[in-house]
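As a plain string of letters, each chain reads:
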Amino acid sequence: SWIDSYKEKGMVKLNSNIDSLWSVPFSHYYQYDGDCSSPDDLVVCADGDYAMCGSMYFMDRYIGYLIKTDAYGNPLIVQDFWDFTPEFYFEIEEASDGSFIMAQYLQGLDMHATYLVRTNVNGTVNINDNPISVKQNITVYPNPVIDILNIEFPEIMHKEYNIAIYNMNGELIKTILKNEANKTNINISELTKGIYIVSIKNQNYNRMIIKK
């Protein structure tokens, strides 16, 4: 079910008497203050760790996430997926090599389409191997970033493009009009430490960055 704030969520481990052994709030994994589904599935990994998947709603779209924790709920992998068509991540399994397989579905007006996505051991997905990928091969670095954020495009840009930066509440913080051909940079030294979204409008590109 959907809850209006991640602050309402968390992981709790119980013993056989249903007593709480430990609990971890969702904010320990994501500093996100919007609508977020409870993890739709959780599995115990072969090494005794836990893995879960679910969806967040941000900037008028659904974003899948994969979280792997240690045996005490501390995050080992926190991976968000902006790059694929499916909206909801509803089942996860660990493969024999330690990677993960997730079932996803896309809800349309007259149909539902189901997908399987397999990750690498670190929770990432090979973009070029995934037929449902929609992201351009744009590189944003470094991440985390202290002051200068670099953006490289896979091909020459022939017209001006708009780069917007949002905070995790979806509020527009900064917008820059650029016309460099295939590489540009943005000075974000004035931003406070935290998590932001870089959006390139005419490229259908969004990426989460950490400002140190």
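Residues numbered from 1 in each chain as written. Predicted model: local features only at pLDDT ≥ 70, side-chain atom pairs only at ≥ 80, totals over all residues. Heavy atoms only, no water.

Novice: Summarise unusual backbone geometry; cite the residues concerned and give the values.
Specialist: The omega angle of the peptide bond from Tyr-141 to Pro-142 is -10°, so this bond is cis rather than trans. One can find Pro-142 in the loop between β12 (139–141) and β13 (148–152). Its identity as a non-glycine residue notwithstanding, Ile-18 has a phi of 65°, on the positive side. Of the residues examined, Ile-18 reaches a relative accessible area of 60% and is grouped as exposed. (Helix = DSSP H or I, 4+ residues; strand = E, 2+ residues; numbered from the N terminus. Buried < 20%, exposed > 50% of the residue type's maximum accessible area, 1.4 Å probe, protein only.)

Novice: Any details on the environment of Glu-94? Residues and values, ideally.
Specialist: Note that Glu-94 resides in strand β9 (residues 88–94). Counting along the chain gives 25 residues from Glu-94 to Thr-119, while the straight-line C-alpha distance between them is 9.7 Å. In contact with Glu-94, not counting residues within four places along its chain, are Cys-45, Ala-46, Ser-99 and Phe-100. In this structure the side chain of Glu-94 is engaged in a polar contact, spanning 2.8 Å, whose partner is the backbone nitrogen of Ala-46. (Contact = heavy atoms within 4.5 Å. Polar contact = N/O pair within 3.5 Å; in protein donor to acceptor, adjacent residues only side chain to side chain.)

Novice: Could you give me a rundown of the pattern of salt bridges, with the residues and numbers involved?
Specialist: Counted according to the given criterion, the structure contains five salt bridges. The partner of Asp-49 in a salt bridge is Lys-68, and the shortest N-O contact between them spans 3.9 Å. Of this pair, Asp-49 sits in the loop between β5 (41–44) and β6 (50–58) while Lys-68 sits in strand β7 (residues 61–69), and the two are 19 residues apart along the sequence. The pair formed by Asp-49 and Lys-68 is uniform in burial state, with each residue classed as buried. Between Glu-152 and Lys-183 there is a salt bridge, and its shortest N-O distance comes to 3.7 Å. (Salt bridge = Lys/Arg side-chain N within 4 Å of Asp/Glu carboxyl O.)

Novice: Now, about the side chain of Asp-41: what can you tell me, with residues and values included?
Specialist: Structurally, Asp-41 is set in strand β5. Nearest to the buried, unbridged Asp-41 among oppositely charged side chains is Lys-68, at 15 Å. Setting aside residues up to four positions removed in sequence, Asp-41 forms contacts with Ala-51, Met-52, Cys-53, Phe-90, Glu-91 and Ile-92. (Lys, Arg positive; Asp, Glu negative; His and termini not counted.)

Novice: Could you give an account of the packing of aromatic side chains, with specific residues and numbers?
Specialist: The relation between two aromatic rings is expressed through the spacing of the ring centres and the mutual angle of the planes. One pass over the structure, following the stated rule, counts two aromatic pairs. Measuring from ring centre to ring centre gives 4.9 Å for Phe-153 and Tyr-161, while their planes differ by 70°; the resulting arrangement is edge-to-face. On the basis of relative accessible area, Tyr-161 is assigned to the buried category, the value being 1%. (Phe/Tyr/Trp six-rings, centres within 6.5 Å; stacked < 30°, edge-to-face > 60°.)

Novice: Describe the sheet that holds strand β16 (residues 183–187), and please don't skip the residues or the numbers.
Specialist: Within the open sheet, the three strands sit side by side as β12-β13-β16. Their pairing is antiparallel. Looking at strand neighbours, the two that pair on one side only are β12 and β16, the edges of this open sheet. This sheet shows a mean twist of 15° between the axes of neighbouring strands, independent of strand direction. Sheet analysis places β13 next to β16, joined by five bridges and oriented antiparallel. By the bridge assignment for β16, Glu-152 is matched with Lys-183. (Pairing = 2+ DSSP bridges. Axes fitted to C-alpha atoms, helices over the stretch in contact; angles between N-to-C directions.)

Novice: Lay out the confidence of the model for the protein chain with the relevant residues and their values.
Specialist: Detailed reading of the predicted model is not advised wherever pLDDT is low. When pLDDT is averaged across the protein chain, the result is 78; 76% of the residues are at 70 or more. For the protein chain, strand β1 (residues 2–3) is the element with the lowest average pLDDT, namely 42, and β13 is the one with the highest, namely 92. Within the model, the stretch residues 129–135 combines pLDDT values under 50 with 20 contacts to residues more than four positions away or in other chains. (pLDDT = per-residue confidence, 0-100.)

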